[in-house]
Amino acid sequence: MTPNGTSMEISQTVEDYLKAIFEESNPPTLASTTAIAERMGVTLASVTSMLKKLAAKTPALVDYRKHHGAKLTPEGTLLALKIIRRHRLLELFLHDVLAFEWDEVHEEADRLEHVISDAFVQRIAIALDDPDWDPHGHPIPSVDLEMPQENTIQLYDLKSGENGVVRWVSDRDPSLLRHLTELGIALGTRLEVRSFSSLDENHTVRLLETGEEVVLGAGITRQIGIQKLD
């Protein structure tokens, strides 16, 4: 059943595509076929074929625009939020209850999210006291599929002399998470940008708790979300 009660057979592959499109979209920008292909690890031709199928469903799950990309329809959005809720609750359960490290939970949740029941998901939510954020700081949709609001910017956009606190980190690359752990950077870490080099886009950052300074490239600072501090 779809979130509004309409009967529709949804495969694991379709769920993965809906989640990818949701996470690659940045309204009003469409999710590009290239970005979807990279996230899914498939060819552009496979993405185009799937987007056409999803757009042809009744009701349509995506609005596909040739040569431009795709965005989710309201029906597709609800289905994407449902699987994202499952994924992020699983990540938090694995991390907080089963003591998995934050670089281990993403792949485990990917495997589990398609097979657990709605009742199991709700039991997890109750056991975790209906959390709003997963171990990487990403918002968890509520049981009503409402997404918690966040007010963050990328660390890349924090200017010299400005302070901030880490609120989220991309979970797509486990090696990034392990590297940040080694540097002493985690959710809640307070930091100050000491300098920025326009030549190589490196930020020199001071960790306010320890005073240690680290140099982070754009490939890292674009994957860290910061809440600015006064």
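Procedures and definitions
Residues numbered from 1 in each chain as written. Predicted model: local features only at pLDDT ≥ 70, side-chain atom pairs only at ≥ 80, totals over all residues. Heavy atoms only, no water. Axes fitted to C-alpha atoms, helices over the stretch in contact; angles between N-to-C directions. Helix = DSSP H or I, 4+ residues; strand = E, 2+ residues; numbered from the N terminus. Parallel < 35°, antiparallel > 145°, perpendicular 65-115°, else oblique. Contact = heavy atoms within 4.5 Å. Nonpolar A, V, L, I, M, F, W, Y, C, P; charged D, E, K, R; others polar. Salt bridge = Lys/Arg side-chain N within 4 Å of Asp/Glu carboxyl O. Buried < 20%, exposed > 50% of the residue type's maximum accessible area, 1.4 Å probe, protein only. Polar contact = N/O pair within 3.5 Å; in protein donor to acceptor, adjacent residues only side chain to side chain. Left-handed = near helix turned anticlockwise from the far one by under 90°. Pairing = 2+ DSSP bridges. pLDDT = per-residue confidence, 0-100.

Q: Pulling in residues and values, what's your account of the packing of helix 1 (residues 12-24) against helix 3 (residues 44-56)?
A: Across the interface, helix 1 lies against helix 3 with an axial gap of 11 Å and an inter-helix angle of 95 degrees. Considering their axes alone, helix 1 and helix 3 lie roughly perpendicular with respect to each other. Between helix 1, through Thr13, Val14, Tyr17, Leu18 and Ile21, and helix 3, the contact on the second element is made entirely by Ser46, Val47, Met50, Leu51 and Leu54. Its residues placed into classes, the contact of helix 1 with helix 3 shows eight nonpolar, two polar and no charged.

Q: Requested: an account of the pattern of salt bridges, with residues and values cited.
A: For the structure shown, the criterion picks out 16 salt bridges. Between Arg39 and Glu23 there is a salt bridge, with the nearest N and O atoms lying 2.6 Å from each other. Placement of Arg39 in helix 2 (residues 33-40) and of Glu23 in helix 1 is noted, with a sequence separation of 16 residues between them. Given the relative accessible area of 30%, Glu23 is considered partly exposed.

Q: Provide a residue-level description of the environment of Ser175, including the pertinent values.
A: Looking at the element boundaries, Ser175 is found in helix 7 (residues 174-183). Between the C-alpha atom of Ser175 and that of Pro131, which follows or precedes it by 44 residues, the distance is 26 Å. A distance of 2.6 Å separates the side chain of Ser175 from the side chain of Asp173, its partner in a polar contact.

Q: Residue-level account of the packing of helix 4 (residues 74-96) against helix 5 (residues 105-112), with values.
A: Closest axis-to-axis distance for the helix 4/helix 5 pair is 9 Å, and the angle between their directions is 125 degrees. As judged from the angle between their axes, helix 4 and helix 5 are oblique. Relative to helix 5, the crossing made by helix 4 is right-handed. Where helix 4 approaches helix 5, its residues His87, Leu90, Glu91, Leu94 and His95 are matched on the opposing element by Val105, His106, Glu108, Ala109, Asp110 and Leu112.

Q: Which residues make up the sheet that holds strand 5 (residues 190-197), and what are the values?
A: Reading across from one edge, 3-8-4-5-6-7 is the order of the six strands in this open sheet, with antiparallel pairing throughout. Only two strands of the sheet have a single partner each, and these edge strands are strand 3 (153-154) and strand 7 (213-216). Examined bridge by bridge, strand 4 (residues 163-169) and strand 8 (residues 224-229) share six bridges and lie antiparallel to one another. Across the sheet, residue Val165 finds its bridge partner in strand 8, namely Gln227. The sheet strands contacting helix 7 are strand 4, strand 6 (202-207), strand 7 and strand 8, and the helix crosses strand 4 at an angle near 145 degrees.

Q: Explain the side chain of Glu192 to me, using residue names and the numbers behind them.
A: Take Glu192: it is sitting in strand 5. Relative accessible area serves as the criterion here: at 13%, Glu192 is assigned to the buried category. When sequence neighbours within four positions are dropped, the list of residues in contact with Glu192 reads Gly161, Glu162, Asn163, Thr204, Val205, Arg206 and Leu208.

Q: Can you tell me about the confidence of the model for the protein chain, naming the residues and giving the values?
A: Low-pLDDT stretches of the model should not have their predicted coordinates read in fine detail. With 96% of its residues at a pLDDT of at least 70, the protein chain reaches an overall mean of 93. By mean pLDDT, the top-scoring element of the protein chain is strand 6 (98), and the lowest-scoring one is helix 2 (94).

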